[in-house]
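Examining the three-dimensional arrangement
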Amino acid sequence: MTKAPDDTLRAVANRVIELEEELEASGVATIDGSELEWSRAALHKWVDDVVGVVVSPGLGRVTVIHPGGKRSSIASSTLPYLMSKPL
C-alpha cells in the first residue's frame, strides 16, 4: 500500500525532527493550514530581501547574501540545479 501525500510529508517532517533531536536541537513541522501559509509568507519576505546569490551545484549548496553582507546557506540536492542556467 502506498502512502498518501500527506502521510509522506508527515513522515519526512517527523524524520527531520528526529534527526535534529539526535543533535539535541528541536524543530517544529508545518505541512498544512494557516501555519504553512504563514511560513511561506515569511520565506517569501526573506527571499525578497536577498541582494546576491551564489549557486554551487557541485557542492549541493546555494548561498544567499542579505543586506549588510549577512549570508545564509541552503544545502539541497535539487535547488542548485533548479537555479543553474543551462550551458
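Description of the structure in this document. It should be emphasised that the depicted structure is a prediction, and the values quoted were computed from it without experimental measurement.

**Looking at the pairing of strand β3 (residues 71-75)**
Where strand β2 (residues 61-65) meets β3, five bridges bridge the pair, whose relative direction is antiparallel. Along β3, the bridge assignment pairs R61 with A75. Between β2 and the antiparallel strand that follows it, β3, lie five residues; G68 among them carries a positive phi value of about 85 degrees.

**Overview of a nonpolar patch on the surface**
On the surface, L43, W46 and V47 cluster together to form a nonpolar patch covering roughly 270 Å² of accessible area. You can see V47 is positioned in helix α2 (residues 33-48).

**Looking at the sheet that holds strand β1 (residues 52-56)**
Strand order in the open sheet formed by three strands is β1-β2-β3, with antiparallel pairing between adjacent strands. Each end of this open sheet is capped by a strand with a single partner; those strands are β1 and β3. The mean inter-strand angle of the sheet, taken between neighbouring strand axes irrespective of direction, is 15 degrees. As judged from the five bridges shared by β1 and β2, these two strands associate in the antiparallel manner. Following the sheet pairing, V55 is matched in β2 by V62.

**Section: the pattern of salt bridges**
Evaluated as defined, the whole model comprises three salt bridges. The salt bridge involving D32 is made with R10; its shortest N-O contact spans 3.3 Å. Taken as a pair, D32 in the loop between α1 (5-22) and α2 and R10 in helix α1 lie far apart in primary sequence, 22 residues in all. The class for D32 is partly exposed, based on a relative accessible area of 42%. Put simply, D49 and K45 hold a salt bridge, and the shortest N to O gap is 3.6 Å. Accessibility expressed as a relative area gives 36% for D49, which makes it partly exposed. On the accessibility criterion, K45 (54% relative accessible area) is exposed.

**Details of α1**
Between its terminal C-alpha atoms α1 stretches 26 Å, which fits the 26 Å expected from 18 residues at 1.5 Å a residue. Two residues or fewer past α1, E24 is found with a positive phi of approximately 60 degrees.

**Things to note about the environment of E20**
As for its placement among the helices and strands, E20 is situated in helix α1. We classify E20 as partly exposed; its relative accessible area is 29%. Beyond its immediate chain neighbours, meaning those up to four positions away, E20 contacts A25, S26 and G27.

Conventions and cut-offs
Residues numbered from 1 in each chain as written. Predicted model: local features only at pLDDT ≥ 70, side-chain atom pairs only at ≥ 80, totals over all residues. Heavy atoms only, no water. Pairing = 2+ DSSP bridges. Helix = DSSP H or I, 4+ residues; strand = E, 2+ residues; numbered from the N terminus. Patch = residues over 30% accessible without salt bridge, like charges linked within 9 Å, V, L, I, M, F, W, Y side chains within 5 Å. Areas by Shrake-Rupley, 256 points an atom, 1.4 Å probe, with all protein chains shown as cover. Salt bridge = Lys/Arg side-chain N within 4 Å of Asp/Glu carboxyl O. Axes fitted to C-alpha atoms, helices over the stretch in contact; angles between N-to-C directions. Buried < 20%, exposed > 50% of the residue type's maximum accessible area, 1.4 Å probe, protein only. Expected span 1.5 Å × (residues − 1). Contact = heavy atoms within 4.5 Å.

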